[in-house]
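Observations on chain architecture
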Amino acid sequence: MWKRRKRARPSRPLPSELCDLCGAVFPENEAVRGRVADSSAVHPTDDWADGLRRVVACCEEHLEAIRKKYEGRAFVPEELWAAKIGRALSGGTRSLTMGQLGCRTGLQESQIRRAIAWHNAHLRQRPEP
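So, here is what we can say about the structure in this document. Because the structure is a prediction, the values reported are computed rather than measured.

1. Digging into the overall build of the protein
Across its full length, the protein holds 4 helices and 4 strands. Split into buried and exposed, the 129 residues of the protein put 29% on the buried side. Within the protein, contacts between residues at least 6 apart in sequence are counted, and of these 51% link residues at least 24 apart.

The following block contains the structure:
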């Protein structure tokens, strides 16, 4: 009588990644990673990573294509500052003085005012749902 051989299956799913360019799914250990300058990116906890977006690709060629795409995007300081303010306000306190906001974001009052103006102008440009 033939015995069925059991196939070894992992006890949990293997970690996988998704290419930011083509959408291919592949094993995490095959990922090609990098960072690109992006004024819309703020890290939830690490101020030093603000303005840098982590990207993942399935190969070096796709990573280079992603980098080129971001090189063509303007880096807008006011966008970054607005994101920093958003992060500071997401901590539970919805109302902060200009001084408190400056302490939490590391921004000067003039930068905060420019960020608010950029944010308000940007909101007006969005189509309503």
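2. So, the side chain of R87
Relative to the helices and strands, R87 resides in helix 2 (residues 77-89). Overall, R87 belongs to the buried group, its relative accessible area being 18%. Ignoring any residue separated from it by four or fewer positions in sequence, one finds R87 in contact with V42, H43, P44, D47 and D50.

3. Focus on the pairing of strand 3 (residues 32-37)
Burial along strand 3 is one-sided: the residues V32, G34 and V36 are buried and none of R33, R35 and A37 is. In terms of strand pairing, strand 3 meets strand 4 (residues 52-57) through 6 bridges, oriented antiparallel. Following the sheet pairing, V32 is matched in strand 4 by A57.

Procedures and definitions
- Residues numbered from 1 in each chain as written.
- Predicted model: local features only at pLDDT ≥ 70, side-chain atom pairs only at ≥ 80, totals over all residues.
- Heavy atoms only, no water.
- Helix = DSSP H or I, 4+ residues; strand = E, 2+ residues; numbered from the N terminus.
- Buried < 20%, exposed > 50% of the residue type's maximum accessible area, 1.4 Å probe, protein only.
- Contact = heavy atoms within 4.5 Å.
- Pairing = 2+ DSSP bridges.

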